[in-house]
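An overview of the molecular structure
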Amino acid sequence: MNRIKEIRERKGIGQKELAEKINTSQQAISLYETGKREPRLETWKKLANFFGVSVPYIQGIEPKLSAKDILKKIIPELHKEYFDNYLLLNGELPKDSFSISPSTTTTLNRLIDVKGIKKKPIDFYSKDDKQFILNPEIKKYWFDLLIPFVKGMYNNGWIFDNYISINTLMHFIDFKVTEQESKKNKMSILENYLVELHYFAFDEPLHHLMNTSIKYSDFETAKKNFDKYFSFLKEVKDKVFSKSEAEVLKEAFESRLRIEERYNDEILIKKIENQVNNGDAKLARFLVKTLDNWDSAYKKYMSK
């Protein structure tokens, strides 16, 4: 059986909306989901592209893995990235040889600190070891540390196609760790807004241009793009601290709205937006302070 209905429902999308997105009829979608009609290859590709999965996965040909199996698949890649960047951050590795981003190492170290785990990944190796072979002991360490987060993503529809990128996992961990700190320290709207701006700045093209320039460009080009990026950050900072709390709340809500639009049903997002625009500031504050998916957060709010 194909996975069209399963993925559609987990994404919170109706048959009519899906039909409009891939330029077909609602009746056709219904027939595809029940297996009474087989989509053409072109339609399979449209469906796969829309949901961000592979054609074999949505066709149901590729077996569905559990959260545990998905984590086991990425641990070798994550382990390498962590230690490549560990060396980079300690000045022991040329810049062009690290895996992707030092944020993998800093995010995991932050998680380890927040959870109060005394044993660090480096403690599994001798002082002179620079190979950091993935042995069964460190593999279990990574698994025990990360499985709650992968299960959370799996159960909340963040994972499709039997794969999760390390970057997406790090973002999810950042969200959850910040959420714990928010509950513990009662973070203000301003602090929550600054967290949102951090993710916004990270997605800013200037951020990636700066990183690429520092790694691969000559000194003058790198300096120029570095200055551009930090001018952008200063501009954002100046905008934030020149506003009232009500203005910050409004912008914080709109910032979260842009993020949630990627993952939630358009109808739900429009409903929330209209409710806030009609004066429900409590809803805006509730949604800005939570790091839960807005689908479940809105249900909690409306049930109060």
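Residues numbered from 1 in each chain as written. Predicted model: local features only at pLDDT ≥ 70, side-chain atom pairs only at ≥ 80, totals over all residues. Heavy atoms only, no water.

1. Considerations on the overall build of the chain
- On a plain count of helices and strands, the chain comes out with 16 helices and zero strands.
- Within the chain, buried positions represent 42% of all 304 residues.
- Sequence separation of 24 or more characterises 61% of the internal contacts of the chain that already satisfy a separation of 6 or more.
- Accessible surface, the chain as shown: approximately 17300 Å² in total, 53% of it carbon and sulfur. (Helix = DSSP H or I, 4+ residues; strand = E, 2+ residues; numbered from the N terminus. Buried < 20%, exposed > 50% of the residue type's maximum accessible area, 1.4 Å probe, protein only. Contact = heavy atoms within 4.5 Å. Areas by Shrake-Rupley, 256 points an atom, 1.4 Å probe, with all protein chains shown as cover.)

2. A few points about the nonpolar core
- Residues Leu71, Leu78, Leu108, Trp142, Leu146, Leu169 and Ile173 are the most contacted members of the largest nonpolar core, which totals 34 residues.
- Contact partners of Leu169, with chain neighbours within four places excluded, come to Ile74, Leu78, Leu146, Phe149, Val150, Met153 and Ile164.
- Among the nonpolar cores identified, the runner-up in size contains 17 residues, and Leu18, Ala28, Ile29 and Val53 belong to it. (Core = buried A, V, L, I, M, F, W, Y, C linked by side-chain atoms within 4.5 Å.)

3. A few points about a nonpolar patch on the surface
- Where nonpolar side chains cluster on the molecular surface, the patch consists of Ile214, Phe226 and Phe230 and spans about 250 Å² of accessible area.
- Examined against the element boundaries, Phe230 turns out to sit in helix α12 (residues 219-241).
- Residue class for Phe230 comes out partly exposed when judged on its relative accessible area of 40%. (Patch = residues over 30% accessible without salt bridge, like charges linked within 9 Å, V, L, I, M, F, W, Y side chains within 5 Å. Salt bridge = Lys/Arg side-chain N within 4 Å of Asp/Glu carboxyl O.)

4. As for the packing of aromatic side chains
- One pass over the structure, following the stated rule, counts 15 aromatic pairs.
- Considering the side-chain rings of Tyr82 and Trp142, the 5.1 Å spacing of their centres and the 65 degrees angle between planes classify their relative orientation as edge-to-face. You can see Tyr82 sitting in helix α6 (residues 67-89) and its partner Trp142 sitting in helix α8 (residues 136-155), a full 60 residues away along the chain. For the pair formed by Tyr82 and Trp142, the shared burial category is buried.
- Plain terms: the ring middles of Phe83 and Phe132 are 4.3 Å apart, the flat faces sit at 15 degrees to each other, and that makes the pair stacked. With Phe83 in helix α6 and Phe132 in the loop between α7 (103-114) and α8, the pair connects residues that are 49 residues apart, well separated along the chain. The pair Phe83 / Phe132 is uniform in exposure class, with both members buried.
- In textbook terms, an aromatic cluster arises when at least three aromatic residues are bridged by ring pairs, as seen for Tyr82, Phe83, Tyr86, Phe124, Tyr125, Phe132, Tyr141 and Trp142.
- For the cation-ring pair, Arg3 lies above Tyr57, with the distance from its terminal atom to the ring centre recorded as 4.2 Å.
- The cationic tip of Lys119 hangs over the ring face of Phe124; the distance from NZ or CZ to the ring centre is 4.2 Å. (Phe/Tyr/Trp six-rings, centres within 6.5 Å; stacked < 30°, edge-to-face > 60°. Lys NZ or Arg CZ within 6 Å of the ring centre and 35° of its normal.)

5. A few points about the confidence of the model for the chain
- Here the chain averages 81 in pLDDT, and 83% of its residues register 70 or above.
- Mean pLDDT values over the elements of the chain span from 62, in helix α10 (residues 189-203), up to 93, in helix α3 (residues 26-34). (pLDDT = per-residue confidence, 0-100.)

6. Re unusual backbone geometry
- Here Asn23, not a glycine, exhibits a phi torsion of approximately 65 degrees, which is positive.
- Tracing the sequence through the fold places Asn23 in the loop between α2 (15-21) and α3.
- Its identity is not glycine, yet Phe132 carries a phi of approximately 50 degrees, on the positive side.
- Exposure remark for Phe132: the relative accessible area of 6% places this residue in the buried category.

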